[in-house]
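Geometric and topological summary
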Amino acid sequence: MAQVRMGFLVDTSRCIGCRACQVACKAWNHLDADKTVEKGSYENPADLTPNLYNRIRFLESADAGGNVKWLFMNERCVHCGDAGCMKVCPAPGALHRTKEGIVVFDKEKCISCKYCVSACPFNIPRYGADDKVTKCHLCFDRVGAGRIPACAYACPTQTLQFGGRDALIAKAKGAGKKLYGENALEGLGVVYALEEKPEVYGLPENPSIPTSIFLWKDVVRPLGILGFWGSVAAVVVHYVTFGSRQLEEDEKGKGGDAHG
Amino acid sequence: MTNHWIDIKNADVILIMGANPAENHPVAFRWIQRAKDNGAKILCVDPRFTRSAAKADIYAPLRSGTDIAFLGGMIRHILENRLYHQEYVAKYTNASYLVGPDFQMPGDLAGLFSGYDKKKGKYDKKTWAYQKGPDEVIRKDETLKDPRSVFQLMRKHYSRYTPDLVSSITGTPKETLLKVYEVYGSTGKPDRSGTELYAMGWTQHTVGTQNIRAMSIIQLLLGNVGVAGGGINALRGESNVQGSTDHGLLFHILPGYLAVPSADLPTLEKYVEKYTPKTKEAQSANWWGNRNKYITSYLKAIYGAKATKENDFGYAWLPKNDPGVNSSWLMIFDNMFRGKYKGFFAWGQNPACSGSNAGKVRKALEQLEWMVTVNLFDNETASFWKGPGVDPSKVNTEVFFLPAAASFEKEGSVTNSGRWAQWRTAAVKPLGQSRPDSEIMNDLFFRLKALYAKEGGAYPDPLVNLTWNYGYRQLDGTVRSVDIHAVAKEINGYFVDNVEEKPKPGEPPPKEKKFVGKKGELAGSFALLQADGTTTSGNWLYCQSYNEKGNLMARRGKKDPTGLGLFSDWSWAWPVNRRILYNRASVDLSGKPYLVKKAVIYWNANAVLPDGKLGKWEGDVPDGGWPPMGNEKDGKKPFIMRADGVASVFGPGLADGPFPEHYEPLECPIQENLMSKQLTNPASKKFADGGLPEDVYASCDTRFPYVATTYRVTEHWQTGVLSRNVPWLLELQPRLFVEMGLELAKEKRIRNGDMVEVASARGKVDAVAIVTPRFRPFKVAGGTVHQVGLPWCFGWFTPGVGESANLLTPTAGDANTMIPETKAFMVNVKARG
């Protein structure tokens, strides 16, 4: 029997923005603090960082009558069923899926190409000082040992519910929740129950993998990893021919898609 | 809390006012969510739109310091629309009592109650007394129709609190006000319950006590006290502040809420006479009638064999206040500032940041000869001598720093807001030279004792006569290390002699001697404590917590037979493991629960007791085992800690009036109180008369036009001494900010993220502006009043985080408790160039 796909149901209506999830993640994963600046918001750090795998977004708005809404949303890797990052990653095993369906990274195998960054519809992967990929891995080490992810363990209001994906979805649907990510990209591993439209939370209405990625996946990658090394060889030739300065400019100008 | 955390899930309506549990009690919010899952409505009343407000069904903004106006309007609404619980009000409160003919109220006396002495700034409460018959029994009218009844006086008093007037004072839109009143008022139906969650948002005002009393009146009118999902619930801001208060943290109470004696009570007899209430009311248990047993057992606990009947059990050794002298926090630092203290222990506290008017506090520290700080980390208090603007060469205070162990590094009990004393074991060993507080105190005791022995000194008796049986003694008589179980057992108490059971009046003596307890046994409950020196108890309220059955605080039973979340086998709650206080008020006169589906207790009339008698209570531990009140011979009234057995809608014991009345904060934005001619609380202490330049106030002063309040944030704890040392938490909230509305920011040309200066009459701080629609201008008295708010968790000791918001707050205290008014004061804000 196939292993049950595990995941999160994030019920934003229950979130109180306490950010125990942010801190618990750092504690379990031994992540350093980022030096942050108060810029006029409770939302800090202002973005995911190599040391921050999940964070709460604070979204406030007011209508003409001054009635305020303050929404809290847990931002993290959503562990797509059809994961652009995995699809595009040229380094075998650097991004792979566990038997529970979690998309995890392996820094040892990452070759710092950053293709995953452009392939992610949710702008999740980050590269730190070591130039290796990081992102939420749903505490696969804890999950593998039968425990729930650190963030969910710390969550006081059961906003982050971890378990068998199908069961979580069925329960949420039974409670009449509006779901995001049930079917997109072969189903997200992190499904949201939202109070507002996805755009309000900065989530793409219909998430999809950037089209340039299909070129990689469908045309280049079938050639096998040899294709990648071919590209590397081309770069080396380029370097020998034109020297380092021009290579840097070339890289800068074309960005990560240069080899795609 | 009258109830407890888990019980919040049983509420039909939750009023969050004076608290912000989503941010300051996030773990507890799970029970609020649980109530919501069950269909409860959440109401949040707060000057700013908080993370709690974000989860509420209705949010009502109100100007800081106007809670009594808001609640007074609710009392009026409940009375006018007959939403109250008639039987409960008539039988279980003093609403039926008749008040004397000379009592007058603010509506007729320009904002004052009768008996005000302007010169003394105090009330003579003589006219507030009840009418009594020749038998000394209070005269009553249970139909509640007599114009001198508390009920009718209350109706008259609050008839002035019309929605329009309340809205004009509080700035709460009238329709929002009425929505809140309507939803909360719905809990007056006997089968519904509503709970109130408050914290420092209510206490830290010059009318703090009356804020809570106003809500207590509402809860009593609606029959919400004693029931599941009801009560008045103070959310404590520290994990063990309930325990500290129970054990005598405050200046005016000894452990177990026994009054600190004053010098005009020279003997134990005089003390007992003054503090033991007497009553002629029928069916009143008057539990405080046992005061003599508790004070005697306390004296026996601390002075042991040295406490004898002949020496008044050592009563003379207890420290005493001078009559009428107030030794509260504000007074300590006022006296320190005036050079009246030589030394000071800042034990587990950081007054240089936490104290209201922190600038004055910091200067006060400079007047000391010595200061000992006991803490986990160096902080603004320990290092005050090198703080901003201080020249270390001019400070003569000698400072000692003793590193303390964190709570995870030591064993002992922690009492939560719901009165659960929960035993914890040490998770890790203390780091470096840090030690548990008990070990530091142990050392201190024996060193002081040795010094007295060596050098003598004035009046060593109170110290050298203390018992100290907390572990094995070394050859020199000292205790090497404190056995915390021995401390817990002393708090519980022992029999120091055999105590025989006395025959009940009219019954023959038993053939065989029966014992209430035998010498050396731990006492099983405070009902067994004696006034003759045969028992000890360090805190009668905790008697039972650690008895011959073991350490009940360490229990971890998970049974919940009622489904209400009482979890009676989990830890232990004072008193006698009662989980919901005043639970005898949750049933009618026959013992039948008002809320059948959420029955806390009920009278099982058919139960057969071992002695053959019929009837017993089922469910939670009742407030005494007597039969229900309907049994006129043996039944008792439900509020057993009140001398008259009922709850006090009318509170003649308070310093500032028997009914809560709206007064403006000491610093306020309007010239006149719209409710009366009396602007501020007439009975609160005025430090302005003390002549210190530090004690300045600015009311209706164009230099400080905006209302300000202070608060905590989820991400930091207290003054931040712990959390500012955790980089992960500093990452979340990196520095001091000030929140303000879009309109004010526009007026002051401040953009979100700008550095601004916030100044009061006493000090100023730099803060980053958070410009947000969560703050809105209030329509008050026909004009616009802006409010700002800032957290008080920062201080100069941590580089780059900004200063303490308490540099802005005033030295002003509540009329009854002297808690500082840090939740409503006046400031200016301006953009930094």
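Just so it is clear, the structure is predicted and the values come from calculations on it, not from any experiment. (Residues numbered from 1 in each chain as written. Chains lettered and ligands numbered in written order. Predicted model: local features only at pLDDT ≥ 70, side-chain atom pairs only at ≥ 80, totals over all residues.)

1. Regarding the overall build of chain B
For chain B, the count of helices and strands is 20 helices and 29 strands. Summarising its shape, the C-alpha atoms of chain B cover approximately 90 × 70 × 55 Å along the three principal directions. A buried classification covers 53% of the 833 residues belonging to chain B. Within chain B, contacts between residues separated by at least 24 positions form 70% of all contacts whose residues are at least 6 apart in sequence. (Helix = DSSP H or I, 4+ residues; strand = E, 2+ residues; numbered from the N terminus. Buried ≥ 20, exposed ≤ 12 C-beta atoms within 10 Å, placed from the backbone. Contact = placed C-beta atoms within 7 Å.)

2. So, the sheet that holds strand β11 (residues 370–375) of chain B
Residue and element names in this part refer to chain B. One open sheet holds the three strands; their spatial order is β10-β11-β12, and the pairing between them is parallel. Every interior strand has two partners, whereas the edge strands, β10 (343–347) and β12 (398–403), have only one. Across the sheet, the mean angle from the axis of one strand to that of its neighbour is 15°, orientation sign disregarded. Looking at chain direction, β10 and β11 are connected through five bridges and run parallel. Its bridge partner being in β11, Ala346 is matched across the sheet by Thr373. (Pairing = 2+ DSSP bridges. Axes fitted to C-alpha atoms, helices over the stretch in contact; angles between N-to-C directions.)

3. Remarks on the pairing of strand β14 (residues 420–424) of chain B
Residues and elements named next belong to chain B. Along β14, four of the five residues are buried, which leaves the element largely enclosed by surrounding structure. As paired elements, strand β13 (residues 412–415) and β14 share four bridges and run antiparallel to each other. Along β14, the bridge assignment pairs Thr415 with Ala421. Where β13 folds back on β14, the antiparallel hairpin that results is connected by four residues, among which Arg419 adopts a positive phi of roughly 70°. Summarising the sheet, β14 and strand β19 (residues 572–573) pair through two bridges and their orientation is antiparallel. Bridge pairing links Trp420 to Ala573 in β19.

4. Notes on the interface of chain B and chain A
Chain B puts 31 residues into the contact, and the matching count from chain A is 27 residues. When residues of the side of chain B that touches chain A are traced back to their parent elements, those giving at least two are α2 (29–37), α19 (727–732) and β25 (764–771) of chain B. The greatest single-element share of the side of chain B that touches chain A, amounting to five residues, is contributed by α19(B). Within the side of chain B that touches chain A, the residues separate by chemical class into 17 nonpolar, six polar and eight charged. (Nonpolar A, V, L, I, M, F, W, Y, C, P; charged D, E, K, R; others polar.)

5. Focus on the sheet that holds β14(B)
Taken in spatial order, the three strands line up as β13-β14-β19 (chain B) in an open sheet, and their pairing is antiparallel. Two strands close off the open sheet at either side, each with one partner strand: β13 and β19 of chain B.

6. Some points on the domain arrangement of chain B
All names here are of chain B. Here the domain parsing of chain B yields domain 1 (5–237) and domain 2 (687–831). One C-alpha centre belongs to domain 1, the other to domain 2, and the line joining them spans 28 Å. Each side of the interface is counted separately: domain 1 has 23 residues, and domain 2 has 29 residues. Secondary structure elements with two or more residues in the side of domain 1 that touches domain 2: α1 (21–24), α6 (163–170), α8 (200–203) and α9 (208–221). When residues of the side of domain 1 that touches domain 2 are assigned to their parent elements, the largest contribution, three residues, is made by α8. Here the residues of the side of domain 1 that touches domain 2 are counted per class, giving seven nonpolar, 13 polar and three charged. (Domains from an automatic or database assignment.)

7. Comments concerning the environment of Ala573(B)
Residues and elements named next belong to chain B. Within the secondary structure layout, Ala573 lies in strand β19. C-beta crowding within 10 Å serves as the criterion here: with 28 such atoms nearby, Ala573 is assigned to the buried category. In this view, Ala573 contacts Gly418, Arg419, Trp420, Arg578 and Arg579; residues no more than four positions away in its chain are not counted.

8. A few points about unusual backbone geometry
The step from Asn44(A) to Pro45(A) runs through a cis peptide bond, and the omega angle for that step is -10°. Topologically, Pro45(A) is positioned in the loop between α1 (20–29) and β2 (55–62). The residue after Trp574(B), namely Pro575(B), is reached through a cis peptide bond having omega -10°. Looking at the element boundaries, Pro575(B) is found in the loop between β19 and β20 (601–608). The phi torsion at Arg749(B) lies on the positive side, around 55°, for a residue other than glycine. With respect to the helices and strands, the residue Arg749(B) is situated in the loop between α20 (742–747) and β24 (755–759). Here the phi dihedral of Ala781(B) falls at roughly 50°; this positive angle occurs in a residue that is not glycine. Here Ala781(B) lies in the loop between β26 (778–780) and β27 (783–785).

9. With respect to the nonpolar core
Residues and elements named next belong to chain B. One finds Ile14, Ile16, Leu43 and Ile218 to be the most contacted residues of the largest nonpolar core, which totals 179 residues. In this structure Leu43 touches Val13, Ile14, Leu15, Ile16, Ala56, Asp57, Ile58, Val180, Val183 and Tyr184, once residues within four positions along its chain are discounted. Core analysis: the second largest hydrophobic core is formed by 56 residues, Trp329, Phe333, Ala805 and Val827 among them. (Core = buried A, V, L, I, M, F, W, Y, C linked by C-beta atoms within 7 Å.)

10. Considering the environment of Phe687(B)
All names here are of chain B. Relative to the elements of secondary structure, Phe687 occurs in the loop between β21 (614–619) and β22 (706–711). Note on Phe687: 22 C-beta atoms within 10 Å, which makes it buried. Residues Phe687 and Cys353, spaced 334 residues apart in sequence, show a C-alpha to C-alpha distance of 20 Å. Apart from residues no more than four positions distant in its own chain, Phe687 is found in contact with Asp334, Asp695, Thr811 and Ala812.

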